[in-house]
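# Structural overview for review
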Amino acid sequence: MKHAFGAAVCLAAFALPGHAAPADHYPEKPVRIVVPFAAGGGGDFIARAFADKLSATLKQPVIIDNRGGGNTVTGTEAVAKAEPDGYTLLIVSPSFATNPTLLPRLPYRTPDDFAPIGLVITYAMGLAARANLPANDIPQLLELAARQPGKLTIATSGEGSASHLATELFKAATHANILDVPYRGAGPAMLDVASGHVDLAFTGLSQIKPHLDSKRAKLLATSGLRRLQSAPDVKTIAEQGVKDFEAVVWWGMFAPAGTPKPIIDKINGALRTSLADPEVAKRFEVIDGEVRVSSPAEFDRFVREEIARWSKLLKPSKATTASP
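Residues numbered from 1 in each chain as written. Predicted model: local features only at pLDDT ≥ 70, side-chain atom pairs only at ≥ 80, totals over all residues. Heavy atoms only, no water.

### A short note on the layout of surface pockets
- As a volume, the largest pocket reaches approximately 790 Å³.
- Lining the largest pocket are 33 residues, and of these Thr122, Tyr123, Ala124, Val248 and Glu290 sit closest to its centre.
- Secondary-structure elements contributing two or more residues to the lining of the largest pocket are strand S4 (114-124), helix H6 (162-174), strand S10 (248-256), helix H10 (278-284), strand S11 (290-291) and helix H11 (296-313).
- Residue composition of the lining of the largest pocket, grouped by class: 20 nonpolar, 4 polar and 9 charged. (1 Å grid on protein atoms, 1.4 Å probe; cavity = no way out; pocket = protein on both sides within 12 Å on 5 of 7 lines; lining within 4 Å. Points joined across faces, edges and corners; volume = space filled by probe spheres on them. Helix = DSSP H or I, 4+ residues; strand = E, 2+ residues; numbered from the N terminus. Nonpolar A, V, L, I, M, F, W, Y, C, P; charged D, E, K, R; others polar.)

What follows is the structure in C-alpha cells.
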C-alpha cells in the first residue's frame, strides 16, 4: 500500500499548479519537418507553403529537411526513430498508406510508430506531357498508345506514390500499355518530362506550371471530377471519355510515436492557424488545394482506412524491398 500511496502522491504533485505540462514550454528550439521526397516535389511545395506561417505561430524556426529515396522509407524511418519531443515532424502522402503492402519488411510499423497530427490538404493532379508529344488530349493519347504499345513512358514519384497510383488507375481504366519510370520525387520526374526524356507524368500543378510557362511541357487533362480553377480550359480525364475517373492526392502530418498529446494538440492548433492564413491559401491556389485540417483522431482513422483499402488492391513489390 505504501508504494501505491506514494505513486498517487507523485501523480497528484504533477497536477498541482506550478508544475508545467509538456506543452507549456514547447517549442523552445527549431522544429524540423522531414519531407521524404526530393526537393522540388509535391511534399516540398506543401511543406514550404505553410512553413513560415507555422514558424510565426510557434515562434521558432521551422526547417524543411528533404530526405528522398527508398520509396519514402529513408525519411519516414528517420522520423520513426527520432526523439518523441515534437521537434521532428513528418509530411506524408498516399505512399505512407501503400508502403505497408508494397514493402512488407519496412524498418518501422505503420502507423503504430507514429503519432498522428492531422490531415493537411487534398488536391487533384494534372497529366503532363512533353511538349512535342504527338497527342494533345486523352483520346489522342490512347490512340498513340494503341499504335505503339509499351513505347510510351510515364514518370512517377516511386511505387505507391500518388502519381504511381494515379498511373495504375489510368492504365486499368483505359487498358493503355504505358511503361512506368520511377523517380525519387515529382521534381526530378517533371524535369525529365520537360527535357523530353519521358513522355508523361501525373503530378500536382505546382510542379507542372513552370514547364507550361516555358512551353517545355503541356497539360493533357486533370485527374479530379471537377476542372481546376487554375486550368479551367483543361478538361478532366472523366470528361474526355474515361468514365468516373478520379485520382486525388492527400497530405498529412505525423510525429514519432510517444510524442505527448499536449504537444500534438499544440502542433495541430498551430497547423490550423497557419493554414487559415490568406497568404497560405493563395500559395495553394496553383494546385487548387482544399485545406482539410483534421483532428489527430480523425487523421488516424483516415490513414488506417487507407492502409486497409490499398492492402486489398496492391501486391508486394518485386522490384523494391526495405531492410528490416
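### Topic: the packing of helix H4 (residues 94-102) against H11
- At a minimum axis distance of 8 Å, the contact between H4 and H11 shows a crossing angle of 45°. Between H4 and H11, the angle is such that the two are oblique. In the packing of H4 onto H11, the handedness of the crossing is right-handed. Residues Phe96, Ala97, Thr98 and Thr101 of H4 lie in contact with H11, whose contacting residues are Val303, Glu306, Ile307, Trp310 and Ser311.
- Classifying every residue of the contact of H4 with H11 gives 5 nonpolar, 3 polar and 1 charged. (Axes fitted to C-alpha atoms, helices over the stretch in contact; angles between N-to-C directions. Parallel < 35°, antiparallel > 145°, perpendicular 65-115°, else oblique. Left-handed = near helix turned anticlockwise from the far one by under 90°. Contact = heavy atoms within 4.5 Å.)

### Thoughts on the sheet that holds strand S1 (residues 31-35)
- The 6 strands lie next to each other as S2-S1-S3-S10-S4-S11, forming an open sheet whose pairing is mixed. Because the sheet does not close on itself, it has two edges, and the strands there are strand S2 (62-66) and S11.
- Bridging between S4 and S11 involves 2 bridges; their strand directions are antiparallel. Its bridge partner lying in S11, Ile121 is registered against Val291.
- Against the sheet, H4 engages strand S3 (88-92), S4 and S10, with an angle of about 80° to S10. (Pairing = 2+ DSSP bridges.)

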